[in-house]
Amino acid sequence: MKPFRGDPAPATSQAMVELVFVAGTIEVRGLSDEAAEAIPALVRDARAACHRARGLDYAEVVLGLVRAKIPYDDKARAYATLEHGALAHREPRPYQAEAIAAWKKARGRGVVVLPTGAGKSHVAVMAIDAQRRSALVVAPTLDLVRQWYDLLRSTFGVPVGIVGGGDHRVESLTVTTYDSAYLHMEHLGNRFGLVIFDEVHHLPSETYALAARFSLAPYRLGLTATLERTDGREAELAELVGPTVYRRDIVEMSGAYLADYETVHVDVELAEHEREEYEAMRAVYRGFVKSQGIDMRSPNGWGEFIRRSTGSAAGREAMRAYRRQRELAFAAPAKLAYVEHLLHLHKDDRAILFTQDNATAYAIARRFLVPVITHQTKVSERSSILEKLASGAYSAVATSKVLNEGVDVPDANVAIVVSGSGSVREHVQRLGRVLRKKGDKRAVLYELVTRDTTEAYTSQRRREHSAYRPA
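## Topic: the sheet that holds strand E13 (residues 244–247)
Turning to step 1, where the next piece is worked out: Judged by pairing direction, the sheet is mixed, and its eight strands sit side by side in the order E9-E8-E10-E7-E11-E12-E6-E13 without closing on themselves. Strand pairing shows two members of the sheet lacking a second neighbour, strand E9 (167–169) and E13, which therefore form its edges. Pairs of neighbouring strands in the sheet enclose a mean axial angle of 20°, with direction left out of account.
Turning to step 2, where the next piece is worked out: Relative to strand E12 (residues 219–224), strand E6 (residues 109–113) runs parallel, the two sharing five bridges.

## Overview of helix H5 (residues 142–156)
Turning to step 1, where the next piece is worked out: With 15 residues, H5 ought to run about 21 Å at 1.5 Å a step, and its terminal C-alpha atoms sit 21 Å apart, in line with that.
Turning to step 2, where the next piece is worked out: Where H5 is concerned, the buried positions are Asp143, Leu144, Val145, Trp148, Tyr149, Leu152, Thr155 and Phe156.
Turning to step 3, where the next piece is worked out: Positive phi appears at glycine 157, one or two residues downstream of H5, with a value of about 65°.

## What to know about the packing of aromatic side chains
Turning to step 1, where the next piece is worked out: By the definition in use, this model includes nine aromatic pairs.
Turning to step 2, where the next piece is worked out: Taking 6.0 Å as the distance between ring centres and 65° as the angle between the ring planes, the aromatic pair formed by phenylalanine 305 and tyrosine 322 counts as edge-to-face. Taken as a pair, phenylalanine 305 in helix H11 (residues 301–309) and tyrosine 322 in helix H12 (residues 313–330) lie far apart in primary sequence, 17 residues in all. Like tyrosine 322, phenylalanine 305 is buried.
Turning to step 3, where the next piece is worked out: A connected cluster of aromatic rings, assembled from ring pairs, spans Tyr285, Phe288, Trp302, Phe305 and Tyr322.

## Re helix H14 (residues 358–368)
Turning to step 1, where the next piece is worked out: Three or more residues of H14 are buried, namely Asn358, Thr360, Ala361, Ile364, Ala365 and Phe368. Along H14, the residues classed as buried sweep out an arc of 165° about the axis, all on the same side. Residues of H14 that are exposed and point more than 90 degrees away from the buried face comprise Ala359 and Arg366.
Turning to step 2, where the next piece is worked out: Positioned one or two residues after H14, leucine 369 has a phi angle of 55°, which is positive.

## Things to note about the side chain of threonine 174
Turning to step 1, where the next piece is worked out: Within the secondary structure layout, threonine 174 lies in strand E10 (residues 173–177).
Turning to step 2, where the next piece is worked out: What threonine 174 contacts, discounting residues up to four positions off in sequence, is Ala135, Leu136, Val137, Gly161, Ile162, Val163, Arg169 and Phe192.

## Some points on the nonpolar core
Turning to step 1, where the next piece is worked out: One finds Ile128, Trp148, Leu194, Ile196 and Leu221 to be the most contacted residues of the largest nonpolar core, which totals 35 residues.
Turning to step 2, where the next piece is worked out: Taken together, the elements giving at least two residues each to this core come down to helix H3 (94–105), helix H4 (120–131), strand E7 (135–139), H5, strand E8 (160–164), E10, strand E11 (194–198) and E12.
Turning to step 3, where the next piece is worked out: Dropping the residues within four chain positions of it, isoleucine 128 is found in contact with Leu82, Arg133, Ala135, Leu152, Phe156, Leu173, Leu194 and Ile196.
Turning to step 4, where the next piece is worked out: Counting 23 residues, the second largest nonpolar core, distinct from the first, contains Leu136, Leu188, Phe197 and Leu240.

## Notes on the environment of glutamate 186
Turning to step 1, where the next piece is worked out: Structurally, glutamate 186 is set in helix H6 (residues 178–188).
Turning to step 2, where the next piece is worked out: By relative accessible area, which is 28% here, glutamate 186 ends up partly exposed.
Turning to step 3, where the next piece is worked out: Considered as a pair, glutamate 186 and threonine 25 are 161 residues apart in the sequence and their alpha carbons are 7.8 Å apart.
Turning to step 4, where the next piece is worked out: Non-local contacts of glutamate 186, meaning those with residues more than four positions away in its chain, are made with Phe21, Ala23, Gly24 and Phe214.

## Focus on the packing of H3 against H4
Turning to step 1, where the next piece is worked out: At a closest axis distance of 10 Å, the pairing of H3 and H4 adopts a crossing angle of 45°. By the angle between their directions, the pair H3 and H4 is classed as oblique. Relative to H4, H3 is oriented so that their crossing is right-handed. Every residue of H4 that contacts H3 at Gln96, Ala97, Ala99, Ile100, Trp103 and Lys104 is listed here: His122, Val123, Met126, Ala127, Ala130 and Gln131.
Turning to step 2, where the next piece is worked out: Taken together, the residues that form the contact of H3 with H4 break down as eight nonpolar, three polar and one charged.

## Focus: the pairing of strand E19 (residues 442–450)
Turning to step 1, where the next piece is worked out: In terms of burial, E19 is a largely internal element, eight of the nine residues being buried.
Turning to step 2, where the next piece is worked out: Relative to E19, strand E18 (residues 414–417) is paired through four bridges, and the arrangement is parallel. Looking across to E19, one finds that isoleucine 416 is bridged to tyrosine 446.

Parameters and conventions
- Residues numbered from 1 in each chain as written.
- Predicted model: local features only at pLDDT ≥ 70, side-chain atom pairs only at ≥ 80, totals over all residues.
- Heavy atoms only, no water.
- Pairing = 2+ DSSP bridges.
- Helix = DSSP H or I, 4+ residues; strand = E, 2+ residues; numbered from the N terminus.
- Axes fitted to C-alpha atoms, helices over the stretch in contact; angles between N-to-C directions.
- Expected span 1.5 Å × (residues − 1).
- Buried < 20%, exposed > 50% of the residue type's maximum accessible area, 1.4 Å probe, protein only.
- Phe/Tyr/Trp six-rings, centres within 6.5 Å; stacked < 30°, edge-to-face > 60°.
- Arc of directions from axis to C-beta.
- Contact = heavy atoms within 4.5 Å.
- Core = buried A, V, L, I, M, F, W, Y, C linked by side-chain atoms within 4.5 Å.
- Parallel < 35°, antiparallel > 145°, perpendicular 65-115°, else oblique.
- Left-handed = near helix turned anticlockwise from the far one by under 90°.
- Nonpolar A, V, L, I, M, F, W, Y, C, P; charged D, E, K, R; others polar.

This is the structure:
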């Protein structure tokens, strides 16, 4: 399948043009202004005396030249055809076969949404095997980079490159982080014909999106379990990667392909003196916000509060009050007492305790003598902790946000959300940590919420997903 390569169609009066990849863009040299009008992606660059398009528009430019029967010398493309495909083949599950078929039907561009534990990485392997083009996998964390590196090396039996985390080795199959991808894509963007964006919901940001715009890869695959973003920018993925071509949700797959599960919502109460302090702190914070005319519901509300809170004694007091009322809600003594009950109840299981912030994670670790993983935990230590959780040496681990995605612990079957944000995506990711199928495992997610605090509203928002059916 080579729709973007081959001998050009018979020439018109237009002389042969030249395509060159320059800093994440495609320069089309020698094309007349009249001929360029037929290719909307092209703009005239008077300084460089050529027409120019984004790397993202490479396929559109080539197809436009072919349609116009304009001969071209393609010096932009530098990616290779893989000599052989996968050496290890695994029978795809029906939905994986459906997903790759839908992606191929969309001309090799699009997003596949499957729950955590459903085998999204196998869909990516099938895409690489189908297209046989140099491929780049972009992942959000170094842990995931390592997992992809191991998977690609064992599946295809070829050297696999890594860009990021201190490595910079480029091979026909390469893995990188989002942070490294947007920094290096202006130089590497023509080296790969297929780009796979793992956890693709990270892509639509001002910086990460450059990784897609600077790449000329005609084939693109996005993978995620949770497409939606709080800012709504997932709509940009249609341009950066392609449309959503296949989607299956947790409720469709539990039991057959994912562990069966239940979710349990637990309300806890503040003691009388805690309630009084909470309301007092809340009043200080809300009073300042109101006096400053800050709309906390607006996209800029939080940033505006931070900016104004630094400018006066009243503002600094409001920030202290805000932090204290959050602390009272996130780590209420009654909530921690219930955690103790759950850890005893599930002493023979594998539990992950999720918190919104590091402070609460460390508090839980000290109180219950369980290991803790935060963004400050070194990769080697993180791997050791997860190995011991899987082996049963540890029955529980506390974490803030770093285990929301990219963790493969099939033995984990209990998730305890002690605190979290209002993000639906975050909540579904946390559920997904314990849904990987293993034997007749049944998973459970507990959500602990301090009654009559802002957590109650946060809980309502983050549970707006079909996965959170009544227990």
